[in-house]
Amino acid sequence: MGDWRRVWRLGFLYLCSMGKNLGLYILILGVIFVVAGLIIYFFHDKLGWIGRLPGDIRVERPGFRLYIPVVTMLAVSVVLSLVLWLIRKIG
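Residues numbered from 1 in each chain as written. Predicted model: local features only at pLDDT ≥ 70, side-chain atom pairs only at ≥ 80, totals over all residues. Heavy atoms only, no water.

With respect to the layout of surface pockets
And then number 1: By volume, the largest pocket amounts to about 910 Å³.
And then number 2: In terms of lining, the largest pocket is formed by 21 residues, of which the most central are Ile32, Ala36, Val76, Val79 and Leu80.
And then number 3: Elements represented by at least two residues in the lining of the largest pocket include exactly helix H2 (20-43) and helix H3 (70-90). (1 Å grid on protein atoms, 1.4 Å probe; cavity = no way out; pocket = protein on both sides within 12 Å on 5 of 7 lines; lining within 4 Å. Points joined across faces, edges and corners; volume = space filled by probe spheres on them. Helix = DSSP H or I, 4+ residues; strand = E, 2+ residues; numbered from the N terminus.)

Given below as structure tokens:
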């Protein structure tokens, strides 16, 4: 029964050990969300191709819709991987 308390305490200590960096990470994440939101807000009409790439699975029948954005998620993953790689390379 004390096992979950130990895990909770270790997680809390890990967060506390981040110190000043945790606030910086949260701030950077917030800026990224704001920039992404602004891009989507102002350019939503030009981003209609996202989610409709060849390779995305879409099944539409009466009373049923199935959508699996395979290629879109692969493209997002590649872009995010490149951005994170560049950030690590620069920093």
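Some thoughts on the pairing of strand E1 (residues 57-61)
And then number 1: Bridge count for E1 against strand E2 (residues 64-68) is 5 bridges, and the pairing is antiparallel. Each bridged residue has a counterpart across the sheet, and for Arg58 the counterpart in E2 is Tyr67.
And then number 2: Hairpin connection of E1 to E2: 2 residues between the antiparallel strands, including Gly63 at a positive phi of 80°. (Pairing = 2+ DSSP bridges.)

Comments concerning the pattern of salt bridges
And then number 1: Overall, the coordinates contain 2 salt bridges when judged by the stated rule.
And then number 2: Here Lys46 ties to Asp45 by a salt bridge, and the two come within 4.0 Å at their closest N and O atoms.
And then number 3: By relative accessible area, Lys46 is classed as exposed at 56%.
And then number 4: For Glu60, the salt bridge is made with Arg58, and the minimal N-O distance between the two is 3.9 Å.
And then number 5: Overall, the relative accessible area of 40% leaves Arg58 in the partly exposed class. (Salt bridge = Lys/Arg side-chain N within 4 Å of Asp/Glu carboxyl O. Buried < 20%, exposed > 50% of the residue type's maximum accessible area, 1.4 Å probe, protein only.)

Some details on the side chain of Asp56
And then number 1: Following the sequence through the fold, Asp56 ends up in the loop between H2 and E1.
And then number 2: In this view, Asp56 contacts Gly51, Tyr67, Ile68, Pro69, Val70, Val71 and Thr72; residues no more than four positions away in its chain are not counted. (Contact = heavy atoms within 4.5 Å.)

Brief notes about the packing of aromatic side chains
And then number 1: A full pass over the atoms with the stated rule returns 1 aromatic pair.
And then number 2: When the ring of Tyr41 is compared with that of Phe42, the centres are 5.0 Å apart and the planes differ by 80°; the resulting orientation is edge-to-face.
And then number 3: Tyr41 gets classed as exposed once you look at its relative accessible area, which sits at 59%.
And then number 4: We classify Phe42 as exposed; its relative accessible area is 54%. (Phe/Tyr/Trp six-rings, centres within 6.5 Å; stacked < 30°, edge-to-face > 60°.)

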